[in-house]
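Read off the chains here:
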Amino acid sequence: MSDIQQLVEQYIAVWNETDPAARRQGIDAVFAADARYTDPLADVTGRDALDAVIAAVQAQFAGLVFTLGPVDAHHDIARFTWELGPAGGESLVVGFDVVTTGADGLVQHVLGFLDKVPAAA
């Protein structure tokens, strides 16, 4: 398994970690201190801001889990799909992320796209 494959798996694990202290430990292990996260709903820089975004997503989609699709990587770049839904159930949200890593091997930038989102009620 490549280093970037393992890093992406840890990235998804961070999004699934509901214990705040453990989630923050994961964020510190996966993301550079000045990492930037950009998707259609958020554009934040730094670990504290990213932690807040993940906590907000977990609150909005309580009980749902992220699953990782195939990872395609080269150099310091990876792209992958993910799904969010009940364990073993149909996904409510489907997305596609591109991550770049820095010289330290940590995630430096995330560009996220949402391919499927729940209809507004």
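Heads up: these notes are all about the structure in this document. (Residues numbered from 1 in each chain as written. Predicted model: local features only at pLDDT ≥ 70, side-chain atom pairs only at ≥ 80, totals over all residues. Heavy atoms only, no water.)

Quick look at the overall build of the chain
Part 1: Counting secondary structure elements, the chain contains 3 helices and 6 strands.
Part 2: Starting at the N terminus and ending at the C terminus, the chain contains elements arranged as α-α-β-β-α-β-β-β-β.
Part 3: What you see for the chain is a C-alpha radius of gyration of 14 Å, in line with the 14 Å of a compact globule of 121 residues.
Part 4: Summarising its shape, the C-alpha atoms of the chain cover approximately 45 × 30 × 25 Å along the three principal directions.
Part 5: Residues counted as buried form 36% of the 121 residues belonging to the chain.
Part 6: Of the contacts made within the chain by residues no fewer than 6 positions apart, 41% connect residues no fewer than 24 positions apart.
Part 7: Total accessible area computed for the chain in this model is approximately 6700 Å², and 57% of it derives from carbon and sulfur atoms.
Part 8: In the chain, which carries 6 positive and 17 negative side-chain charges, the distance between the mean positions of the two groups comes to 3 Å. (Helix = DSSP H or I, 4+ residues; strand = E, 2+ residues; numbered from the N terminus. Rg over C-alpha atoms; globule rule 2.2 N^0.38 Å. Buried < 20%, exposed > 50% of the residue type's maximum accessible area, 1.4 Å probe, protein only. Contact = heavy atoms within 4.5 Å. Areas by Shrake-Rupley, 256 points an atom, 1.4 Å probe, with all protein chains shown as cover. Lys, Arg positive; Asp, Glu negative; His and termini not counted. Charge placed at Lys NZ, Arg CZ, Asp CG, Glu CD.)

Focus on the pairing of strand β5 (residues 93–101)
In regular strands, side chains alternate between the two faces of the sheet.
Part 1: Bridging between strand β4 (residues 77–85) and β5 involves 8 bridges; their strand directions are antiparallel. Bridged to Ala78 within β5 is Val99.
Part 2: Pairing of β5 with strand β6 (residues 107–116), which is carried by 8 bridges, proceeds in the antiparallel orientation. Opposite Thr101, over in β6, you have Val107 as the bridge partner. (Pairing = 2+ DSSP bridges.)

Remarks on the environment of Val44
Part 1: Turning to its location among the elements, Val44 is positioned in strand β2 (residues 42–45).
Part 2: By relative accessible area, which is 17% here, Val44 ends up buried.
Part 3: The spatial distance from the C-alpha of Val44 to the C-alpha of Asp34 is 9.7 Å, given a sequence separation of 10 residues.
Part 4: Discounting chain neighbours no more than four positions away, the residues touching Val44 are Ala35, Arg36, Tyr37, Ala49, Leu50 and Val53.

Description of unusual backbone geometry
Part 1: In the Ramachandran plot, His75 falls in the positive-phi region, its phi being about 50° despite a non-glycine side chain.
Part 2: Relative to the elements of secondary structure, His75 occurs in the loop between β3 (65–74) and β4.
Part 3: Residue classification places His75 among the exposed positions, given a relative accessible area of 77%.

Some remarks on the pattern of salt bridges
Part 1: In the structure shown here, the tally under the stated rule is 7 salt bridges.
Part 2: Note that Arg79 and Asp72 form a salt bridge whose closest N and O atoms lie 2.9 Å from each other.
Part 3: Taking relative accessible area as the criterion, Asp72 reaches 38% and is therefore assigned partly exposed.
Part 4: Glu90 is paired through a salt bridge with Lys116; the nearest N and O atoms lie 3.5 Å apart. Of the two residues, Glu90 is situated in the loop between β4 and β5 and Lys116 in strand β6; the sequence distance between them amounts to 26 residues. (Salt bridge = Lys/Arg side-chain N within 4 Å of Asp/Glu carboxyl O.)

Looking at the environment of Asp48
Part 1: Looking at the secondary structure, you find Asp48 in helix α3 (residues 47–60).
Part 2: For Asp48, a relative accessible area of 56% corresponds to the exposed category.
Part 3: Expressed as a C-alpha distance, the spacing of Asp48 and Arg79, which sit 31 residues apart in the sequence, is 24 Å.

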